[in-house]
Amino acid sequence: MSAAPVAPAWAELAGQEAAVAQLSRAATMDSPTHAWLFTGPPGSGRSNAARAFAQALQCEREDPAQRGCGRCHACLTVHAGTHADVKVMATENVTYKIDEIRELISLAQDRPSSGRWRIFIIEDADRMTERATNVLLKAIEEPPARTIWMLCAPSPADVLVTIRSRCRPVGLRIPSVQSVADLLVDRDSLDPALALFAARASQSHVGMARRLARDEGARQRREAVVHLPLRIQATSDAVALAKELVEVTQEEAKSSAEVRNAEEKAGLLRALGLGEDEKVPPKLRHHVKRLEDSQTARNKRSVHDTLDRAMIDMTGLFRDVLALQLGTGAELVNEHLRDELGSYAHGATAERTVARIDAVATARRRLAGNVPPLLALEAMTMSFLPDRILDRRPGEQA
């Protein structure tokens, strides 16, 4: 029995009409550019665009207009991540290891086994160190025949100019809330109202919108985060809630990592021919140690990413407050909290709201710079104190 068809290549690129037009034209060419750089803000779908392009390039349809059909064997295997000639590299570590890039370059010397091209997609190319990037540079300068490189990064500036100058750029934008909601309804058969809420709350981040729409626990955690500034009435609240945010984030990251780490270790032990409770022989311990080191680095990154997402949600909350204070009439990210935010906005000034947005941005920079999370968040939450307290002169009683 043949596999069920999947969506055509471009169907999941919400609100990216210009990029789709560029890539669909390239997919019909006999000799498309050998190196591409996909850039766009988080949630814009950089990796999805690269995968869709790979699907269209490998599609078995003779008619160029039908490339990326979603029905042929090539489309199905690219979509499933099992196509022999499409290699996707991703990392949840802080940086790529130089050996990982060298392995890709070695694989690139092989000719395509079944498809038109050998395609290599590197997600989060901004996480490559300068040494790793320089190793990749020569492969892009002198690519083997029938090889195509696709790099994904937040912006062109996040990739060394020597690489950037040798890649054809594909810029993606933040899709509209409605286009993300429509995608969730069409692709995942979600309730339109829930899809619209998730698209708005995620600030059009496609992956986060899907998670919010499908995971009630994720929605509850987000609600707790966006309500945090509204709960602060005294200095003690600011300190306590900063600690609470750190603990909740760490616990969430730990919980999600434990199952995955255990599965990975069990899989490694099976591959080494060992039982789960069997002692690892000294000559095989380096395999386990390498896995554990990789998991530790990934866990650290996961905590940082979860905290950063909380900062983004808080920024959206204060932008809503500012929109209400200035009377812009704009649709709110947290439209379901309009009444609560209206009351909060009434008790604060627009100037202080701008200062709170700046405080969140400062916390994000500090966290990225490895400042202890509790210190960074305490400084941030202290700026959330009510205006009546912040305006109080030194020594003045409440």
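Residues numbered from 1 in each chain as written. Predicted model: local features only at pLDDT ≥ 70, side-chain atom pairs only at ≥ 80, totals over all residues. Heavy atoms only, no water.

- Labelled according to an unreviewed UniProt entry, the protein chain appears under the name DNA polymerase III subunit delta, originating from Citricoccus parietis.

### Topic: the packing of aromatic side chains
To describe a pair of aromatic rings, you give the distance between the ring centres and the angle between the ring planes.
Logical step 1: Counted according to the given criterion, the structure contains 4 aromatic pairs.
Logical step 2: Judged by centre distance (6.4 Å) and plane angle (50°), the ring pair of F318 and Y344 falls under tilted. With F318 in helix α12 (residues 285–326) and Y344 in helix α13 (residues 338–346), this pair connects stretches of sequence that are 26 residues apart. With respect to class, F318 is no different from Y344; both count as buried.
Logical step 3: By the ring-pair criterion, three or more aromatic residues cluster together here, those being F318, Y344 and F384.
Logical step 4: Directly above the aromatic system of W117 lies the positively charged group of R146, at a separation of 3.9 Å from the ring centroid. (Phe/Tyr/Trp six-rings, centres within 6.5 Å; stacked < 30°, edge-to-face > 60°. Helix = DSSP H or I, 4+ residues; strand = E, 2+ residues; numbered from the N terminus. Buried < 20%, exposed > 50% of the residue type's maximum accessible area, 1.4 Å probe, protein only. Lys NZ or Arg CZ within 6 Å of the ring centre and 35° of its normal.)

### Observations regarding the packing of helix α7 (residues 177–188) against helix α9 (residues 206–214)
Logical step 1: Relative orientation of the contacting elements α7 and α9 amounts to 60°, with a least axis distance of 10 Å. Here α7 lies oblique to α9, going by the angle between them. Viewed along their axes, α7 and α9 form a crossing whose handedness is right-handed. Taken together, the residues of α9 that come into contact with α7 (itself represented by V180, L183, L184, R187 and D188) are V206, A209, R210, A213 and R214.
Logical step 2: By residue class, the composition of the contact of α7 with α9 is 6 nonpolar, no polar and 4 charged. (Axes fitted to C-alpha atoms, helices over the stretch in contact; angles between N-to-C directions. Parallel < 35°, antiparallel > 145°, perpendicular 65-115°, else oblique. Left-handed = near helix turned anticlockwise from the far one by under 90°. Contact = heavy atoms within 4.5 Å. Nonpolar A, V, L, I, M, F, W, Y, C, P; charged D, E, K, R; others polar.)

### Topic: the sheet that holds strand β5 (residues 168–171)
Logical step 1: A sheet is described by the order of its strands in space; here 5 strands give the open sequence β2-β3-β4-β1-β5, paired in parallel fashion. On the outer flanks of this sheet lie β2 (86–89) and β5, each paired with one strand and no other. Ignoring strand direction, the axes of neighbouring strands in this sheet form an average angle of 15°.
Logical step 2: Two elements, β2 and strand β3 (residues 118–122), share 4 bridges in a ladder whose sense is parallel. The partner of K87 across the bridge, within β3, is F120.
Logical step 3: Packing of helix α5 (residues 130–141) onto the sheet brings it into contact with β1 (35–39), β3 and β4 (147–153), and relative to β4 it is tilted by some 140°. (Pairing = 2+ DSSP bridges.)

### As for helix α1 (residues 17–27)
Logical step 1: Every buried residue belonging to α1 is among A19, V20, Q22, L23, A26 and A27, and all of these are buried. One face of α1 carries all of its buried residues, which in axial projection span an arc of 165°. Looking at α1, the residues exposed on the side facing more than 90 degrees away from the buried face are E17 and A18. (Arc of directions from axis to C-beta.)

### Examining the pattern of salt bridges
Logical step 1: Applying the stated criterion across every chain, the model contains 19 salt bridges.
Logical step 2: Residue R200 is joined to E331 by a salt bridge in which the shortest nitrogen-to-oxygen separation is 3.3 Å. Residue R200 is located in helix α8 (residues 192–201), and its partner E331 is located in the loop between α12 and α13; the two are separated by 131 residues in the primary sequence.
Logical step 3: The class of R200 is buried, set by a relative accessible area of 14%.
Logical step 4: Measuring nitrogen to oxygen at the nearest pair gives 2.7 Å for the salt bridge that ties R356 to D387. Residue R356 is found in helix α14 (residues 350–368), and its partner D387 is found in helix α16 (residues 387–390); the two are separated by 31 residues along the sequence. (Salt bridge = Lys/Arg side-chain N within 4 Å of Asp/Glu carboxyl O.)

### Observations regarding the side chain of T381
Logical step 1: Examined against the element boundaries, T381 turns out to sit in helix α15 (residues 373–382).
Logical step 2: Under the relative-accessibility criterion, T381 is labelled buried at 0%.
Logical step 3: At 3.2 Å, the side chain of T381 forms a polar contact with the backbone oxygen of E378.
Logical step 4: Beyond its immediate sequence surroundings of up to four residues, T381 is in contact with L228, I232, A238 and A242. (Polar contact = N/O pair within 3.5 Å; in protein donor to acceptor, adjacent residues only side chain to side chain.)

### Quick word on unusual backbone geometry
Logical step 1: Phi at R146 is positive, roughly 65°, even though this residue is not glycine.
Logical step 2: Although it is not a glycine, S204 adopts a positive phi angle of roughly 70°.
Logical step 3: Using a relative accessible area of 5% as the deciding quantity, one classes S204 as buried.

### Comments concerning the environment of S24
Logical step 1: Checked against the element boundaries, S24 lands in helix α1.
Logical step 2: In the structure, S24 is positioned 14 residues away from W10 in sequence and 8.5 Å away in space, judged by C-alpha atoms.
Logical step 3: A polar side-chain atom of S24 sits 2.8 Å from the main-chain carbonyl oxygen of V20.
Logical step 4: Here the side chain of S24 touches A21 through a polar contact of 3.1 Å, landing on its backbone oxygen.

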